Amino acid sequence: MSFRTIEWRDDAVIMIDQTRLPGEEIYNTYTDFKAVAEAIKGMIIRGAPAIGVAAAMGIALGARDIIADTHESFFKQLENVCDVMARTRPTAVNLFWGIERMKRVAEANRDKKLSQIKEILKKEAILIEEDDLTICRNIGKWGATLIPEGATVLTHCNAGGLATAGYGTALGVIRAAQEAGKDIRVFADETRPWLQGARLTAWELMKEGIPVTLISDNMAGFFMNRGEITCCVVGADRIAANGDTANKIGTYSVAVLAKENNIPFYVAAPVSTLDLTLSDGSKIPIEERPASEVTHIKGVAIAPGGVAVRNPSFDVTPARYITAIITENGIVKDDFQAGLRKMAGC
Ligand code: MRU
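Counting restarts for each chain: residues are numbered from 1 in the order of the written sequence. A pLDDT threshold of at least 70 governs which residues receive local features in this predicted model, and a stricter bar of 80 or more applies before side-chain atom pairs are shown or counted, although totals over entire chains, interfaces and linings include all residues. Side-chain metrics rest on all non-hydrogen atoms present in the structure, leaving aside hydrogens and water.

**Student:** Would you take a moment to explain the site of the ligand for this structure?
**Tutor:** Consider each residue's heavy atoms; a residue with any of them within 4 Å of a molecule or strand counts as near. In the vicinity of the ligand there are 19 residues, among which R89, Q196, D237, N247 and K248 approach most closely. Between R46 and the ligand, the recorded distance is 2.8 Å, taken from a side-chain N or O atom to an oxygen atom. Each polar contact in these results corresponds to two N or O atoms within 3.5 Å; when the atoms are within protein, one needs to be able to donate a hydrogen and the other to accept it, and residues that are neighboring in sequence are counted only if both atoms are side-chain atoms. Within the contact set of the ligand, an oxygen atom lies 2.8 Å away from a side-chain nitrogen or oxygen of Q196. Within the complex, 99% of the 420 Å² of free accessible area of the ligand lies under protein. Of the grid points, spaced at 1 Å and generated over the protein atoms alone, those admitting a 1.4 Å probe that cannot get out make up cavities, while open sets with protein on both sides within 12 Å along at least five of seven lines make up pockets; any residue with an atom within 4 Å of a point is treated as lining. More than half of a molecule's atoms within 2 Å of the grid points is what it takes for that molecule to sit in a cavity or pocket. With respect to the detected pockets, the ligand is housed in the largest cavity. Mapped onto the shell around the ligand, the elements with two or more residues apiece are α2 (48–64) and β9 (245–248). Asp, Glu, Lys and Arg are counted as charged, while Ala, Val, Leu, Ile, Met, Phe, Trp, Tyr, Cys and Pro are counted as nonpolar; the rest, among them Gly, fall into the polar class. Classifying every residue of the shell around the ligand gives eight nonpolar, seven polar and four charged. Formed jointly, the shell around the ligand draws a minimum of three residues from each of two domains, domain 1 (6–136) and domain 2 (141–343). Surface exposure here means Shrake-Rupley accessible area, sampled with a 1.4 Å probe, where a residue is shielded only by the protein chains that are shown. Each helix is a run of H or I in the DSSP string that is no shorter than four residues. Each strand is a run of E no shorter than two, and both are numbered from the N terminus. An automatic or database domain assignment is the source of the domain bounds shown.

**Student:** I keep staring at the sheet that holds strand β4 (residues 152–155) and nothing clicks. Help me out?
**Tutor:** Within a sheet, each strand pairs with its neighbour through backbone hydrogen bonds, oriented either parallel or antiparallel. By the convention used here, strands pair only if DSSP detects at least 2 bridges between them. Across the sheet, seven strands lie side by side as β6-β5-β4-β7-β10-β15-β16; this open sheet has mixed pairing. Here the strands that pair on one side only, and so sit at the sheet edges, are β6 (212–215) and β16 (330–333). Averaged over all pairs of adjacent strands, the angle between strand axes in this sheet comes to 25 degrees, irrespective of strand direction. Summarising the sheet, strand β5 (residues 185–189) and β6 pair through four bridges and their orientation is parallel. Paired with V186 across the two strands is V212, which belongs to β6. Any two residues whose heavy atoms approach within 4.5 Å are treated as being in contact. Lines fitted to C-alpha atoms define the axes, with helix axes restricted to the stretch in contact, and inter-axis angles between N-to-C directions lie between 0 and 180 degrees. On top of the sheet, helix α11 (residues 336–343) reaches β15 (324–327) and β16; it is set at about 165 degrees to β16, its chief contact.

**Student:** Where do I start with the pattern of salt bridges in this structure?
**Tutor:** Two side chains with opposite charge may pair up if their charged atoms get near one another. By salt bridge we mean one thing: a side-chain nitrogen of Lys or Arg within 4 Å of a carboxyl oxygen of Asp or Glu. Going through the model one piece at a time under the given rule, you end up with 24 salt bridges. The closest approach of N and O atoms between E24 and R20, which form a salt bridge, is 3.0 Å. By relative accessible area, R20 is classed as partly exposed at 35%. Residue E293 pairs with R289 through a salt bridge whose shortest N-O separation is 2.7 Å. By the burial criterion, E293 is buried, and R289 matches it. Linked through salt bridges whose partners overlap, the residues forming this network are R4, E7, R9 and E129. The rule is simple: take the accessible area with a 1.4 Å probe, protein chains only, and divide by the maximum for that residue type; under 20% is buried, over 50% is exposed, in between is partly exposed.

**Student:** Help me understand helix α1 (residues 33–41) in this model?
**Tutor:** Note: α-helices contain 3.6 residues per turn, so residues at a spacing of three or four share the same orientation. Along α1, the residues that are buried comprise F33, V36, A37, A39 and I40. Angular distribution of buried residues about the axis of α1 spans 160 degrees; they occupy a single face of the element. On its buried face, α1 is in contact with β2 (12–16), β3 (27–30), α2, α3 (71–86) and α4 (93–108). Two or three places before K34, at the opening of α1, D32 has a side-chain oxygen 3.2 Å from that residue's backbone nitrogen. Residue M43 follows α1 closely and has a positive phi angle near 65 degrees. Note that the arc is computed from the directions linking the helix axis to the C-beta atoms.

**Student:** Quick question: what am I supposed to make of the domain arrangement of the protein chain here?
**Tutor:** Its domain assignment divides the protein chain into domain 1 (6–136) and domain 2 (141–343). Three residues, R46, T91 and C136, lead the burial of domain 1 against domain 2; their summed loss comes to 24% of the area buried on that side. Taken together, the links from domain 1 to domain 2 amount to two salt bridges. A salt bridge links R89 to E287, with the nearest nitrogen and oxygen atoms 2.9 Å apart. At the surface where domain 1 touches domain 2, the tally comes to 17 residue pairs in polar contact (both at pLDDT 80 or more). Those elements giving two or more residues to the side of domain 1 that touches domain 2 turn out to be α2, α4 and α5 (114–144). In the side of domain 1 that touches domain 2, the residues fall into 15 nonpolar, five polar and seven charged. Accessible area that two parts lose when put together, evaluated with a 1.4 Å probe and summed over both, is termed the buried area.

Have a look at this one:
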């Protein structure tokens, strides 16, 4: 890929600033965990797998900077670092998955010297980033089998290289289908209010020469109804045990429209996005973001001052609208309950 979403370099975390795309390709350097937490909150980095990686790298930075005489003091301070990371964004479960994985590794090495534990945490964060790339490629391989030659694929939000360590989940499926020699076209929903589709999906697909057509969200039904969409592929922020899927606001509407028009609707996500502790999607916490994301575009007001606003950042698509869930371990259809457990190795 011609850009890096996030990497550990020279004892710092480097992230492409997604708030500045597509206008400017700027890489920010983070040397302390609080700044990484602010970057996650402020959407400098976003997308479920990418924020999982960022949280892990933030924890590695935080651990490195802990000054402690005893293991007890170190672990207490580490807990605080993890808490700060956990308070950044509530919906994408990959964030909490990343935090838990770092805590487990620290705990498993409790008997080692603090300098060794710090080094182990750094290596683990880098491994999470490297693993994510392999996972996305495997999601792509499985998913590509579902995409027919000549398909036009509609996607919502950005579940691409920018939302992961690279390659992407939904866009990984599209990339893999293209790499397999298929002629694929993409329709990208602009994804109001934050415009992940217009700003990020269009940018990364155009950068690689994958044909992409940008539409505003309210046009999806028009093109489906005219027979111009072969299938939909989206990412996920959290998938409950029954297959109900939280993803960017507007995904639910796309799924309902797809069913109405007999178009397959696929969700592509790593196993780290499964939350099998939740029986269904009604229990998934939904982040509400600032009203200004709805009332303003690039600082310019597009609504009367003082208007009441709601801004839920995600919605939940009931499993009955989902044709299949594509993971790195295979494809789940029909019996999501059993299939997802199998994918997670339970
Ligand atoms: O608010 P965002 O931009 O973090 O939301 C991102 C999404 O909803 C993505 O579709 C999801 O995280 C999957 S990314 C592979």
